[in-house]
Each structure stands twice: as C-alpha cells, then as structure tokens.
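Spelled out, the chains give:
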Amino acid sequence: MPDTPPEPAPVILGDEPGSFPHSVLAERHPAILRQVGEAFPYDPERRAGLDALLASCADGAIEPLPDAADPADRRRWAEWGTDRYAGRSWFDVPWLWAESHFYRRLLDAVGYFGPGPWQGVDPFRPAKLAELGSPETDEELAALDDLAGLPAEERTRALLHGSLWGNRADLGFRLSGNGARTEDRVRALVADDSDVLWSLLPPSAPGTPVPATLCLVADNAGRELVPDLLLVAHLLAEGRIGRAVLHVKPHPYYVSDATPADVLDALRRLVAAGGAAASYGEGLWTALTDGRVTVRAHPFSCAPLPYADMPGDLRAEFASATVTVLKGDLNYRRLVGDRYWPPTTPFADVTGYFPGPVAALRTLKSDVITGLTARTEAALEASGERRWRTSGTHALIQVRG
Ligand SMILES: O=P(O)(O)OC[C@@]1(O)O[C@H](CO)[C@@H](O)[C@@H]1O
C-alpha cells in the first residue's frame with residue numbers, strides 16, 4: 001500500500017472537439033434525448049423539458065436542480081457541485097461530473113420524480129426489457145447447462161468472465177463452448193489479477209461456516225446484471241462467500257445502469273429460464289429471502305464524484321466486506337479517478353484510499369486506464385487499434401488486496 005497517493009494527473013474534461021469525452025457530451029447525449037423522446041408518448045410539458053435540456057447540452061450552462069426537486073436532492077447536488085459549477089459550460093467541468101449531471105437533469109425533464117403520470121417511470125426501461133428478453137439472452141442462459149459438467153474451477157472462471165464481458169453485453173461464459181474465443185478473450189485482457197481475487201475468496205469445506213462477504217457494485221441491467229447475479233449465486237453455492245451485498249442505483253442512470261427493479265427483472269428472468277439458470281436463480285431468490293444477499297441503493301451511487309469522496313457510511317460498508325468488486329467502465333472511472341493517468345500508474349496507488357480489498361471488472365469504454373505493465377502499454381499502442389481504450393474490445397480484472 002503506497003504511503004502517499006500518486007501526484008494527481010489532469011482531470012478528463014469534455015472540452016476538446018474531436019475527443020471521445022467531447023463526442024459523448026456533444027453527440028451521444030442529444031441522441032439519448034431523442035431516443036427517450038421517441039420511446040414514450042410524453043405530454044407537451046415533458047417534451048418541452050427534453051427540448052430545453054437538448055438546447056442546454058449544445059451551448060447552455062450548468063444549472064442547479066429545479067426548485068420543484070426534492071429538497072434533500074437539491075442539497076446533495078449543491079454539495080456535489082451545482083453551486084460550484086453553476087453558469088459554466090458542460091464542456092468546462094469534469095467530464096464525469098457533466099455526464100452524471102446530464103442524467104440527473106434528464107430525469108427531471110421526463111418527470112421521473114413526479115408528481116404526475118411519469119413518476120417512477122424509467123425512461124430507459126424499454127431498452128432494458130428488450131435486451132433482457134432478447135434471443136441472445138435465451139442462448140446465453142441455455143449455455144449455462146454446458147457449464148454444469150465442468151470442474152468447479154472452470155465454472156468459476158467462466159462465470160467470472162461472464163460477469164466481466166457482460167459489461168460489454170457479450171456474456172463470456174459462452175467461452176467454455178468455444179475454445180477459440182477463450183484465447184481471443186484472454187488476449188483482450190490488458191490486466192488479469194483474478195488469482196488474487198480468488199485468494200481473497202477461497203472455497204470453504206462443505207458444512208463449515210463461510211466468513212467471506214462480497215460487496216458487488218453493479219453497473220448495467222439486463223445482460224450484464226444477469227451474469228453478475230449468476231456469479232454471486234455460484235460463489236454462494238461454492239462456499240466462496242457466505243454473504244453478498246449488491247449495490248445498484250437508487251434511480252435510472254447512464255441509460256442502462258441497474259436499479260432495484262432491474263434486479264427483480266433479472267432474477268425472474270433466471271428463475272423462468274429453466275435448467276442451470278433457474279437453479280442459480282432459485283438459489284439467489286432463497287438467499288435474498290434469508291438475508292444472505294441484500295440489495296442496496298445508496299444515493300452516492302448516483303453522485304457525479306469519484307469514490308474517493310464517498311461518505312462515511314458507504315466507506316464503512318465497503319470496509320466491512322472481504323472484497324468489494326466494482327463492475328464496468330463508469331465505476332472504474334469513479335474508483336481510480338477520471339484522470340489522464342499514465343497507463344502504468346499502479347492500480348494499488350490510485351485505489352489506496354479505498355477501504356478494504358477492492359477489485360475492478362471492466363471493459364474499456366473510456367480514456368482512463370491504470371495498472372498496465374510497460375510491455376502491455378507498448379503492445380496496445382503498437383497494435384494500431386487506436387480505440388483500444390474506448391471500443392470495448394479490451395477488458396481488465398484488477399485487484400488491490
Ligand atoms: O459503466 P459502463 O456502462 O460500462 O460505461 C459507461 C460509460 O463508460 O460509457 C461511456 C464512455 O464510453 C460513458 O458515458 C460512461 O462513463
């Protein structure tokens with residue numbers, strides 16, 4: 001563990017035309033507003049709200065939450081930065097902050113917090129349900145039956161990769177059915193500390209108490225949450241963990257981020273699938289009812305800030321876990337700090353603040369990267385794959401024990 005954290009690298013902003021962060025603010029967010037507007041028969045007031053946010057994205061300024069917003073949320077966001085950034089361009093504040101604020105303002109625009117007919121209606125639910133109900137999901141769940149005959153270690157590895165690549169909605173547990181893809185996937189791993197992760201969660205002898213608690217900070221719903229639940233169910237069944245705490249978002253966020261409603265949808269999808277998927281789903285259902293698995297939705301999970309700024313109660317929760325596993329690209333950005341770190345900056349250095357052992361399972365979808373060896377960095381840069389940081393073709397498993 002480092003004595004002193006590394007000198008902070010420059011914070012990633014969206015102020016450079018042609019850069020990936022700039023394209024997310026200038027192109028992806030307007031596209032998301034149009035998609036949401038087409039997905040629901042919103043009334044004129046809601047449409048006016050969406051149009052106003054669209055205009056603001058282009059050349060507007062950061063504003064405090066509206067007066068009608070919940071007072072506690074207004075206070076939180078004021079502390080999180082609307083006081084500090086009010087009046088500034090979306091492109092001139094930290095990219096992480098601007099993105100997160102956009103999704104919070106989108107919920108106001110569609111009336112998510114009410115009062116009114118759209119209260120509690122997830123603007124991203126149509127896409128979430130379509131993905132959960134897709135034929136690809138059927139195939140991926142059926143593939144679980146092929147795992148049943150494999151040795152426990154292979155099943156554990158396949159399900160870890162399923163959760164990892166689920167972040168790209170391309171569940172990796174089909175790896176066992178196709179050797180060639182295993183090699184491809186392994187090459188696509190820019191870091192693999194999975195042995196360290198398993199050293200933190202060793203299997204327990206049948207019938208002995210299992211002391212380990214896994215804290216899983218989930219990312220996306222649907223085809224990422226399903227393999228996350230499968231991994232939790234498997235680790236419980238294998239006696240590698242005795243408890244799991246699943247952190248999801250208190251409200252819709254970043255299009256596909258999982259909420260408690262999405263956990264229930266994914267669990268029902270497993271139970272209804274039959275075969276090995278249903279066995280895992282039923283095991284998880286039982287674990288939820290007897291308290292071995294709990295679901296949390298902490299307000300800070302939707303904060304526009306790095307985890308280094310987390311509040312004391314959340315810090316205490318993570319400290320009490322045997323290991324906290326953070327899924328996905330956004331959680332990685334928040335964990336290490338959304339900065340232009342030199343890629344070989346040690347993962348342990350940028351996560352030294354985190355209470356307890358911590359792991360990241362992430363497909364690379366944005367510029368931030370840490371913990372690479374010099375050789376891996378050189379190979380990636382020499383590969384000619386200019387978008388290796390943002391295209392989702394590469395992934396990492398990083399652990400600070
Ligand atoms: O957390 P996820 O779902 O894996 O990826 C989300 C995300 O990294 O994708 C975009 C960058 O590619 C950003 O909008 C956002 O941070």
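- You'll find the protein chain entered in an unreviewed UniProt entry as Damage-control phosphatase ARMT1-like metal-binding domain-containing protein, with Streptomyces ambofaciens given as the organism.
- In its Sequence similarities (unreviewed entry) section, the UniProt entry covering the protein chain states "Belongs to the damage-control phosphatase family. Sugar phosphate phosphatase III subfamily."
- Taken directly from UniProt, the Cofactor (unreviewed entry) text for the protein chain runs: "Mn(2+)".

## Observations concerning the nonpolar core
One recurring pattern in soluble globular proteins is that nonpolar side chains are buried together.
Line of reasoning, step 1. Within the largest apolar cluster, 68 residues are counted, with the highest numbers of intra-cluster contacts made by Phe-102, Leu-106 and Leu-335.
Line of reasoning, step 2. Top element by residues in this core is helix H4 (residues 95–109). It accounts for 9 residues.
Line of reasoning, step 3. For this core, the domains that each give at least three residues are domain 1 (20–123) and domain 2 (130–400).
Line of reasoning, step 4. The next biggest cluster of nonpolar side chains, apart from the first, holds 50 residues, and it includes Leu-197, Ala-244, Val-248 and Ala-258.

## Points about the site of the ligand
Line of reasoning, step 1. Inspection of the region around the ligand gives 13 residues, with Glu-99, Asp-329, Leu-330, Arg-333 and Lys-365 positioned closest.
Line of reasoning, step 2. In the model, an oxygen atom of the ligand is placed 2.9 Å from a nitrogen or oxygen of the Asn-220 side chain.
Line of reasoning, step 3. In this structure the site holding the ligand corresponds to the largest pocket.
Line of reasoning, step 4. Of all elements in the fold, only helix H1 (20–39), H4 and helix H15 (328–336) reach the threshold of two or more residues within the shell around the ligand.
Line of reasoning, step 5. Ranked by residues supplied to the shell around the ligand, first place goes to H15 with 4 residues.
Line of reasoning, step 6. Of the residues assigned to the shell around the ligand, the class counts are 4 nonpolar, 3 polar and 6 charged.
Line of reasoning, step 7. Split by domain, the residues of the shell around the ligand number at least three in each of domain 1 (20–123) and domain 2 (130–400).

## Some words on the environment of Trp-165
Line of reasoning, step 1. With respect to the secondary-structure elements, Trp-165 resides in helix H8 (residues 152–166).
Line of reasoning, step 2. Looking at Trp-165, the relative accessible area reads 0%, which means it is buried.

## Quick look at the layout of surface pockets
Line of reasoning, step 1. Here the largest pocket is characterised by a volume of approximately 660 Å³.
Line of reasoning, step 2. For the largest pocket, the lining is made up of 31 residues, of which Arg-28, Asn-220, Tyr-254, Ser-256 and Lys-365 are closest to its centre.
Line of reasoning, step 3. Secondary-structure elements contributing two or more residues to the lining of the largest pocket are H1, H4, helix H5 (125–132), helix H11 (222–237) and H15.
Line of reasoning, step 4. Of the residues assigned to the lining of the largest pocket, the class counts are 12 nonpolar, 6 polar and 13 charged.
Line of reasoning, step 5. Viewed by domain, the lining of the largest pocket spans two of them, domain 1 (20–123) and domain 2 (130–400), each represented by three or more residues.

Calculation criteria
- Residues numbered from 1 in each chain as written.
- Predicted model: local features only at pLDDT ≥ 70, side-chain atom pairs only at ≥ 80, totals over all residues.
- Heavy atoms only, no water.
- UniProt positions renumbered as here; feature names shortened; annotations may be inferred.
- Core = buried A, V, L, I, M, F, W, Y, C linked by side-chain atoms within 4.5 Å.
- Buried < 20%, exposed > 50% of the residue type's maximum accessible area, 1.4 Å probe, protein only.
- Helix = DSSP H or I, 4+ residues; strand = E, 2+ residues; numbered from the N terminus.
- Domains from an automatic or database assignment.
- Near = heavy atom within 4 Å.
- Polar contact = N/O pair within 3.5 Å; in protein donor to acceptor, adjacent residues only side chain to side chain.
- 1 Å grid on protein atoms, 1.4 Å probe; cavity = no way out; pocket = protein on both sides within 12 Å on 5 of 7 lines; lining within 4 Å.
- Sits in = over half its atoms within 2 Å of the grid points.
- Nonpolar A, V, L, I, M, F, W, Y, C, P; charged D, E, K, R; others polar.
- Points joined across faces, edges and corners; volume = space filled by probe spheres on them.

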